[in-house]
Amino acid sequence: GSGHLFDYIGNQTSKFGYLAVDMSADMLANSNIPEEQRLVSSLIELELKPNDYDLIFMLGVTTYLSRDELEAILINFHEILNDGGRLVVTFTNSNSVDTRNRKFAKRFLSYFSQRSKGMIFQQFEVSTYSPSSALELVAKSMSISDLVFLNHTVFPFCYVFKSMNVALARLI
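Remember, predicted model here, so these are calculated numbers, not experimental data. (Residues numbered from 1 in each chain as written. Predicted model: local features only at pLDDT ≥ 70, side-chain atom pairs only at ≥ 80, totals over all residues. Heavy atoms only, no water.)

> Just give me the short version of helix α6 (residues 131-139), but keep the residues and values in it.
Every buried residue of α6 is listed here: S133, A134, L137 and V138. Along α6, the residues classed as buried sweep out an arc of 130 degrees about the axis, all on the same side. (Buried < 20%, exposed > 50% of the residue type's maximum accessible area, 1.4 Å probe, protein only. Helix = DSSP H or I, 4+ residues; strand = E, 2+ residues; numbered from the N terminus. Arc of directions from axis to C-beta.)

Now the structure itself:
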């Protein structure tokens, strides 16, 4: 991805192993991640050595995957994680204020203009999960130690009043 996680970890410690995987070579190329630590690949096609990773982050990805794709990826992650390894994964919450506002606005704006669909919203379906369905999905292949709810955006404030968006998201 963008390399923000790599930069964050690098600011915390100087000794760490890291492999960045993204489908977009451009995303990786525009990051600070060293070339030898980049892998352009789909997570579905990812082939890594079993029991070789202590920690896997999958951030901002589940939204773009079908449930079947996600299940296959989670099984693969279980195989490549060491015993006691951890997976940190984010989901788009189907019950969040942000998700509900986006669905409403998309329907509302589509009545006025076909052009509005691509201006604010993706041209593809996004996968969203309730907290219980996300737990159920992950529990099929992993044991769950923590569940944390974070909401980082509230549409439309994320576009119009960015600083207010952060404060509002923390309250919800």
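> Hey, could you go over the packing of aromatic side chains for me, with residue numbers and the actual values?
As enumerated under the stated definition, the model contains 4 aromatic pairs in all. Centre to centre, the rings of F6 and F16 are 5.5 Å apart; their planes meet at 55 degrees, and the pair counts as tilted. Of this pair, F6 sits in helix α1 (residues 4-12) while F16 sits in the loop between α1 and β1 (20-22), and the two are 10 residues apart along the sequence. Residue classification places F6 among the buried positions, given a relative accessible area of 13%. Residue F16 is classed as partly exposed on the basis of its relative accessible area, which comes to 26%. Where F91 meets Y129, the ring centres are 5.3 Å apart and the plane angle is 75 degrees; that geometry is what we call edge-to-face. A residue pair is termed long-range when its members are at least 10 positions apart, and F91 in the loop between β4 (81-89) and α4 (97-110) and Y129 in the loop between α5 (116-120) and α6 qualify at 38 residues. In this structure an aromatic cluster arises from ring pairing among F6, F16 and Y18. (Phe/Tyr/Trp six-rings, centres within 6.5 Å; stacked < 30°, edge-to-face > 60°.)

> Describe the pairing of β4, naming the residues involved and giving the relevant values.
Sheet faces and side chains relate simply in a regular strand, where the side chains alternate between the two faces. In terms of strand pairing, strand β3 (residues 53-58) meets β4 through 5 bridges, oriented parallel. Among the inter-strand pairings, M58 is bridged to a residue of β4, identified as V89. The parallel pair β3 and β4 is bridged by helix α3 (residues 67-80), and the resulting crossover is right-handed. (Pairing = 2+ DSSP bridges. Right-handed = clockwise from strand over helix to strand, strands pointing away.)

> Report on a nonpolar patch on the surface, specifying residues and quantitative values.
A grouping of L55, F57, L59 and V88 is seen on the molecular surface, where their side chains present a nonpolar patch of about 310 Å² in accessible area. By the element assignment, L59 lies in the loop between β3 and α3. (Patch = residues over 30% accessible without salt bridge, like charges linked within 9 Å, V, L, I, M, F, W, Y side chains within 5 Å. Areas by Shrake-Rupley, 256 points an atom, 1.4 Å probe, with all protein chains shown as cover. Salt bridge = Lys/Arg side-chain N within 4 Å of Asp/Glu carboxyl O.)

> Account for the pattern of salt bridges, with residues named and values stated.
A side chain of one charge can pair with a side chain of the opposite charge when the charged atoms of the two come close. Using the criterion set out here, one finds 3 salt bridges in the structure. A salt bridge links E136 to R67, with the shortest nitrogen-to-oxygen separation between them at 3.8 Å. Here E136, found in helix α6, pairs with R67, found in helix α3; they are 69 residues apart in sequence, far enough to count as distant. For E136, a relative accessible area of 48% gives the class partly exposed. Residue K140 pairs with E71 through a salt bridge whose shortest N-O separation is 3.0 Å. Of this pair, K140 sits in the loop between α6 and α7 (157-160) while E71 sits in helix α3, and the two are 69 residues apart along the sequence.

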